[in-house]
Amino acid sequence: MKKKYRIKKNDEFQEVFQNGRSTANRQFVIYVLDKPEQPYFRVGLSVSKKLGKAVVRNRIKRYIRQVFLEMREQIAPGKDYVIIARMPVSEMEYAEVKKSLIHVFRKAGIINK
């Protein structure tokens, strides 16, 4: 993903955590913060060290980024998203991660059906 589509700074993460709304399922928690002046969406990823070593954490982040790339036309622009991965994700394959993310997107109301 290009840099302008990413949330990297701690202040930006904290703003989404404090002012955004959260939705969750067993595998992911997603925080959504409206930014109407922003013409695109931005994504921040949080994968804890509890999920595994660096190889596992990086694989999880790649899977999540790929889902956002594949679904970017359907995801609502003008918002910041922070995705937190939970424990079961470390053993999941890409198809399962995608299915779970789509579920939490629908639950949060950020995807066009």
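Structural data are supplied above this passage.
Residues numbered from 1 in each chain as written. Predicted model: local features only at pLDDT ≥ 70, side-chain atom pairs only at ≥ 80, totals over all residues. Heavy atoms only, no water.

A. Spotlight on helix α3 (residues 94–108). Taking 1.5 Å per residue as the helical rise, α3 with its 15 residues ought to reach 21 Å, and the 21 Å between its terminal C-alpha atoms agrees with that figure. Among all positions of α3, only Val97, Ser100, Leu101, Ile102, Val104, Phe105 and Ala108 are buried. With its phi angle positive at about 75°, Gly109 sits one or two positions after the end of α3. (Helix = DSSP H or I, 4+ residues; strand = E, 2+ residues; numbered from the N terminus. Expected span 1.5 Å × (residues − 1). Buried < 20%, exposed > 50% of the residue type's maximum accessible area, 1.4 Å probe, protein only.)

B. Focus on the pattern of salt bridges. Going through the model one piece at a time under the given rule, you end up with seven salt bridges. A salt bridge links Lys35 to Glu15; the nearest nitrogen and oxygen atoms lie 3.9 Å apart. With Lys35 in the loop between β2 (28–34) and β3 (42–46) and Glu15 in helix α1 (residues 10–19), this pair connects stretches of sequence that are 20 residues apart. You can call Lys35 buried: its relative accessible area is 13%. (Salt bridge = Lys/Arg side-chain N within 4 Å of Asp/Glu carboxyl O.)

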